[in-house]
Amino acid sequence: MSAERKFFVGGNFKMNGNLESLTAIADRLNSSELDANVEVVIAPPACYLASLSSQLAQKENVNVSAENVHQAAKGAFTGEISCSMALDCGASYAILGHSERRHVFGETNKQIGEKTKATLAAGLVVIACIGEKGEDRKSGNTMVVCVEQLTAYKDNVEDWSKVVIAYEPVWAIGTGEVATPEIAQETHLNIRSWLSDNVSPEVAASVRIIYGGSVNGKNCKELASQPDIDGFLVGGASLKPEFVDIINCDC
Ligand code: 13P
């Protein structure tokens, strides 16, 4: 956490919940006292974007994100949604390059780069996910993988104020095996150094780099105390009441 960068907490609901349970989560956010210094974004399944964004419309600092978008403006892409459809439904962010999109649905860096370009052109903020598999970390290739992924974003970004980088080591996602604060901090610092060398020192100093992977109400405070961890992308715990504790972890 740093004084210059606004803390960011995202909730990625993935393919979980239903109208009743997700409405209850939005109700909880609406009725909770949330730290005004934290930017909160929830990413529900696409079919609930419109109802949750209108439910949260009056809540300051809470916005809604698509979990994914397609790079084309329209066309024969059964099952996909475009950036303008996400915007129509009240989204102001889109998560791109999530490890499940990469490793379950086979999205490539090239495709994620194309999505980045289209998403930024449409006026959505990109939550740009990167992260290595366990085998990459064991073989010392964490930054090799992260740099390949970062490069695909960099080639398609002009305005980095519209990008939040989410470092989500694949081995920590949904496993309960959270990265230690030391491991997460070291990797965030390496990402920031890469940005400084390959984009600019100004961008490196201002871009939020958030951590994702088994974050919960208990481990968030120590992670948040690291100087280069600027927030979280939370999966499972974002569906639970402790999401509010994660948002308020610096209060
Ligand atoms: P978990 O918090 O369930 O590990 O998921 C993290 C994640 O993938 C957020 O995008």
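Just above sits the structure.
Computed from a predicted structure; not experimentally measured.

## Quick notes on the nonpolar core
Among the nonpolar cores identified, the biggest contains 64 residues, and Val-9, Leu-29, Ile-165, Leu-195, Tyr-211 and Phe-232 are the most heavily contacted of them. Counting twelve residues, the second-largest nonpolar core is a separate cluster that includes Phe-8, Ala-43, Ile-127 and Ile-210.

## Focus on the site of the ligand
Neighbouring residues of the ligand: Asn-12, Lys-14, His-98, Glu-168, Ala-172, Ile-173, Gly-174, Gly-213, Ser-214, Leu-233, Gly-235 and Gly-236. Between the ligand and His-98, the relevant distance is 2.7 Å, taken from an oxygen atom to a side-chain nitrogen or oxygen of the residue. Within the backbone of Ser-214, a nitrogen or oxygen atom sits 2.8 Å from an oxygen atom of the ligand. Out of a free accessible area of 310 Å², the ligand has 95% covered by protein chains. Per-class residue counts for the shell around the ligand are three nonpolar, seven polar and two charged.

## Examining unusual backbone geometry
One non-glycine residue, Asn-61, lies in positive phi territory at about 70 degrees. Tracing the sequence through the fold places Asn-61 in the loop between α2 (49–55) and β3 (62–66). Positioned with a positive phi, Ser-214 is a non-glycine residue whose angle comes to about 60 degrees.

## Focus on the packing of helix α5 (residues 109–122) against helix α7 (residues 142–154)
Packing of α5 against α7 brings their axes to within 8 Å, and their N-to-C directions diverge by 35 degrees. For the pair α5 and α7, the crossing hand works out as right-handed. Residues Asn-109, Ile-112, Gly-113 and Thr-116 of α5 form the contact with α7, whose participating residues are Glu-148, Gln-149, Ala-152 and Tyr-153.

Scoring rules and cut-offs
- Residues numbered from 1 in each chain as written.
- Predicted model: local features only at pLDDT ≥ 70, side-chain atom pairs only at ≥ 80, totals over all residues.
- Heavy atoms only, no water.
- Core = buried A, V, L, I, M, F, W, Y, C linked by side-chain atoms within 4.5 Å.
- Buried < 20%, exposed > 50% of the residue type's maximum accessible area, 1.4 Å probe, protein only.
- Near = heavy atom within 4 Å.
- Polar contact = N/O pair within 3.5 Å; in protein donor to acceptor, adjacent residues only side chain to side chain.
- Areas by Shrake-Rupley, 256 points an atom, 1.4 Å probe, with all protein chains shown as cover.
- Nonpolar A, V, L, I, M, F, W, Y, C, P; charged D, E, K, R; others polar.
- Helix = DSSP H or I, 4+ residues; strand = E, 2+ residues; numbered from the N terminus.
- Axes fitted to C-alpha atoms, helices over the stretch in contact; angles between N-to-C directions.
- Left-handed = near helix turned anticlockwise from the far one by under 90°.
- Contact = heavy atoms within 4.5 Å.

Distances and angles like these do not, on their own, reveal function.
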